[in-house]
Structure formats: structure tokens, C-alpha cells
Amino acid sequence: MRYLTTLLLLLAVPAWGASYERPIPQVQSATAEMWFAIASLALIGALWLVHHLVMRK
């Protein structure tokens, strides 16, 4: 059991060396914003269609 503990400590040592660096968000392109707008409108349309179909019953 002592050897297993020593092995686990040796494997964890490289994780202690690096500090956490926050990721920097990337800017979105105009194309990505256009596709997001289209997807948002499609989702709203689909939700309205489901609402309309459920209310008819």
C-alpha cells in the first residue's frame, strides 16, 4: 500500500507545477453572429409552431 501511495504522489507532481491561466475569449466573426441570429429565429419559430399545435387540440 505504501508503494501505491508513493506512486500516486509521483504521478501528481507535474500537476503542481503549472498555475491556472484564465482562458481569453475569442471574438466572434460577423458570420458567426449571423448564424446565431438565424438559429435563434428558427428556435423561436419552432417554439411558436409547437405552441400553436398544442393549443389547437
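Below or above, wherever it landed, is the structure these notes cover. Per chain, residue numbering runs from 1 following the sequence as it is written. It should be noted that, the model being predicted, local features are given only for residues of pLDDT at least 70 and side-chain atom pairs only at 80 or more, the latter also being counted only at that level, while totals for whole chains, interfaces and linings use all residues. Excluded from the side-chain calculations are hydrogens and water; all other atoms, namely the structure's heavy atoms, are used.

## Comments concerning the overall build of the protein chain
Phase 1: Only DSSP runs of H or I covering at least 4 residues are called helices, and only runs of E covering at least 2 are called strands; the numbering of each starts at the N terminus. On a plain count of helices and strands, the protein chain comes out with 2 helices and 0 strands.
Phase 2: Burial analysis of the protein chain (57 residues in total) assigns 0% to the buried set.
Phase 3: Surface accessibility in these figures is a Shrake-Rupley result with a 1.4 Å probe; residues are shielded only by whichever protein chains are displayed. In the form shown here, the protein chain has an accessible surface area of approximately 6,100 Å², with 72% of it arising from carbon and sulfur atoms. Three exposure classes are used, based on accessible area relative to the maximum for each residue type with a 1.4 Å probe and protein chains only: buried under 20%, partly exposed in between, and exposed over 50%.

## Focus on a nonpolar patch on the surface
Phase 1: Each patch is built from residues that are more than 30% exposed by relative accessible area and take part in no salt bridge. Like charges join if they lie within 9 Å; nonpolar side chains (Val, Leu, Ile, Met, Phe, Trp, Tyr) join within 5 Å. Here, a salt bridge means any Lys or Arg side-chain nitrogen found within 4 Å of an Asp or Glu carboxyl oxygen. Residues Leu4, Leu7, Leu8 and Leu11 make up a contiguous nonpolar surface patch of about 410 Å² in total accessible area.
Phase 2: Inspection of the secondary structure puts Leu7 in helix H1 (residues 2-17).
Phase 3: Judged by relative accessible area, Leu7 falls into the partly exposed class, the value being 45%.

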